[in-house]
Amino acid sequence: MSVVINDYPSVKDYDKYKDVSKEYVVSSSDGKVAHLINYGALISKLLIPDNNGQVADVILGMKDLDLYMNNGASHGSTVGRCANRIANASFVIDGVTYNLPKNDGENNIHSGPVCFHNVFWNGDVISKADIEVMVKASNIAGIPAVDGDGVIFTYTSPDGTSGFPGNLDTTVVYCWLVDGTLFILYKGETDKATVFAPTNHGYFNLGGHNSGALHKAVVTVNADKVTKKAANNCPDGEFIDVEGTIFDFKNGAELGQVLVLDHVQTKNSLGVDQNFCINDCDGSYKFASRMEDCRSSRVMEVYTDMPGVQLYAGNHLGGDDQKGDIPYAPYGALCMEAQMYPNSINVDSFPSVVLRPGEVAYHCCGYRFFNK
C-alpha cells in the first residue's frame, strides 16, 4: 500500500493556499484508492472496483477546495468536536453552562461555524508500524490487520472555540485494512473537561457518486431500536423499537421505506435522519450497518466501537457545485455516520461524551468494501 502527496491549492486564491492545502492518495494492496485532503481531514474521492473491474468514485464531493470551503454539507469531512445535534445549543459540565452557536433552529449541529470540518489540519504520512501502535493503544478489540502506510491528521481546537471548553488535541488516522476496509481512528486529549464525539460525514452512492437516487438500495442495520427525536429534532432519552416500523432494517430492506414524509420522525427531516442504536455495543469493533447497491455488485459495511450510526439520505442535497457534470439531488446518497448518540451531553442515560484532562479517548470507524 502506498501514499502519494499532491498539492491541492485553491482555484481562486492559489498563492494563499498553495503551501497549505494538500491531497493524500492512499492505495490498498487490492486496488482500492482513497483521496484525502487536509481541509476538514476529509475524503474527497473513493475509487472502488466492482466484480468486473469497473471502478467508480463512490463518495460525493465538490469540484475544488474553494467549493469545499464554502459548502455547508460537510462532504466527506471529519466532524466535531461534537457530531450531530445538541439541544438548545447548550450543555452543562461540572456545573458550568456552555452556550454554542445556534445553527440548526434552536440547536447546535456539528459544533458550529469553527469546527473540525472547516479548518486546515496538519497532515503527514504514518507508517504501518506506527498505526499498529496506535491501534494497540486504543484497546479497541477486533480491528483487522493494517494493510500498509496511511495518513495522520492533527489539529488543536483552542479553548472557547464555538463555545466549547478546553484546548482539544485531536488526531485522525486513515489507512486501509487487509479486508478491504478504509479505516478511521480518532484520538482526543484535553486540558479541561469537554465534549469529544467525532464522526465522518461521507455521502456514499455505490453506483457512483452521481448515479442517482438510492430508494432501491438494500440496507441492513444491526439495531433493534432508534433514539426517539422530540419536537426539536433532538433525542430526548426515549427509544423506539424498530420491529414493525419503517426503521426495521434488521434483516435488510430497501432504503425507500424511510424516505417518507408521513411519519412524525421523518417529516421535519424530509426523510430519514435518525440515530440507530447498535445492538450489544461493548466498545469493540463491531458491525453496524450495510448498504448493497442495486445497480452494481458493490457492498459497503460499517464497523465501529461507538454505540450509534446515523442514517441520513442526503435529504437536502442540491445545487450544481458537485464534482462531475450531473447535479446532486435529494436521496442521491446515504450517510452512515458512526457516532455517539446525538444530544448525549444533555441526556444522562446516554453513553458519556465527556473527555477529561489526563484521559485519552479513542474511537474508530471502518468502511469495508467488497462485491456480492
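Report follows, based on the coordinates. Just so it is clear, the structure is predicted and the values come from calculations on it, not from any experiment.

**A word on the sheet that holds strand S12 (residues 150-157)**
Okay, step 1: Strands sit in the order S11-S12-S13-S14-S27-S23-S22-S17-S20 across an open sheet of nine strands; the sheet is antiparallel. Each end of this open sheet is capped by a strand with a single partner; those strands are strand S11 (122-126) and strand S20 (253-254).
Okay, step 2: Across five bridges, S11 lies against S12 in antiparallel orientation. Counted as the bridge partner of Asn-122 is Thr-154 from S12.

**Brief notes about the sheet that holds strand S3 (residues 33-37)**
Okay, step 1: Pairing is antiparallel across the open sheet formed by five strands, whose spatial order is S1-S2-S3-S4-S5. With partners counted over all chains shown, the strands left at the sheet margins are strand S1 (2-7) and strand S5 (55-57), one partner each. Averaged over all pairs of adjacent strands, the angle between their axes in this sheet comes to 15°, without regard to strand direction.
Okay, step 2: For strand S4 (residues 42-49) and S5, the ladder comprises three bridges, and the chain directions are antiparallel. Residue Leu-47 lies in a different strand from S5, and its bridge partner there is Asp-57.

**Brief notes about unusual backbone geometry**
Okay, step 1: Residue Gly-80 is joined to Arg-81 through a cis peptide bond whose omega torsion reads 15°.
Okay, step 2: Relative to the elements of secondary structure, Arg-81 occurs in the loop between strand S6 (77-79) and strand S7 (85-86).

**Description of the environment of Ile-109**
Okay, step 1: The topology assignment puts Ile-109 in strand S10 (residues 108-109).
Okay, step 2: If we ignore the near neighbours within four places in the chain, the residues touching Ile-109 are Asn-84, Arg-85, Asn-103 and Asp-104.

**Here we look at the layout of surface pockets**
Okay, step 1: One number sums up the size of the largest pocket: a volume of about 620 Å³.
Okay, step 2: Along the wall of the largest pocket there are 32 residues; nearest its centre are Gly-72, Ala-73, His-201, Tyr-203 and Tyr-312.
Okay, step 3: The residue makeup of the lining of the largest pocket, split by class, is eight nonpolar, 18 polar and six charged.

**A look at empty space enclosed by the protein**
Okay, step 1: With the rule as written, the count across this model stands at three cavities of 30 Å³ or more.
Okay, step 2: When its volume is computed, the largest cavity comes out at roughly 60 Å³.
Okay, step 3: Forming the walls of the largest cavity are Asn-84, Arg-85, Thr-227, Lys-229, Asn-233, Cys-234, Pro-235, Asp-273, Gln-274, Asn-275, Gln-310 and Pro-342.
Okay, step 4: Per element, the largest residue contribution to the lining of the largest cavity is three residues, and it comes from strand S21 (residues 273-278).
Okay, step 5: Of the residues in the lining of the largest cavity, the class split is three nonpolar, six polar and three charged.
Okay, step 6: There is about 40 Å³ of room inside the second largest cavity.

**Concerning the pattern of salt bridges**
Okay, step 1: Tallied over the full model, the rule gives 18 salt bridges.
Okay, step 2: Between Asp-179 and Arg-368 there is a salt bridge, and its shortest N-O distance comes to 3.8 Å. Here Arg-368 lies in strand S27 (residues 361-371) and Asp-179 lies in the loop between strand S13 (168-176) and strand S14 (181-190), a separation of 189 residues in the sequence.
Okay, step 3: On the basis of relative accessibility, which here comes to 26%, the residue Asp-179 falls in the partly exposed class.
Okay, step 4: Residues Asp-293 and Arg-295 are paired through a salt bridge, measuring 2.9 Å at the closest nitrogen-oxygen approach.
Okay, step 5: For Asp-293, a relative accessible area of 2% translates into the label buried.

**So, the side chain of Thr-266**
Okay, step 1: Along the polypeptide, Thr-266 turns up in the loop between S20 and S21.
Okay, step 2: The class for Thr-266 is buried, based on a relative accessible area of 0%.
Okay, step 3: In contact with Thr-266, other than residues within four places in its own chain, are Ile-246, Phe-247, Val-258, Val-260, Leu-261, Gly-271 and Val-272.

About the criteria used
Residues numbered from 1 in each chain as written. Predicted model: local features only at pLDDT ≥ 70, side-chain atom pairs only at ≥ 80, totals over all residues. Heavy atoms only, no water. Pairing = 2+ DSSP bridges. Helix = DSSP H or I, 4+ residues; strand = E, 2+ residues; numbered from the N terminus. Axes fitted to C-alpha atoms, helices over the stretch in contact; angles between N-to-C directions. Contact = heavy atoms within 4.5 Å. 1 Å grid on protein atoms, 1.4 Å probe; cavity = no way out; pocket = protein on both sides within 12 Å on 5 of 7 lines; lining within 4 Å. Points joined across faces, edges and corners; volume = space filled by probe spheres on them. Nonpolar A, V, L, I, M, F, W, Y, C, P; charged D, E, K, R; others polar. Salt bridge = Lys/Arg side-chain N within 4 Å of Asp/Glu carboxyl O. Buried < 20%, exposed > 50% of the residue type's maximum accessible area, 1.4 Å probe, protein only.

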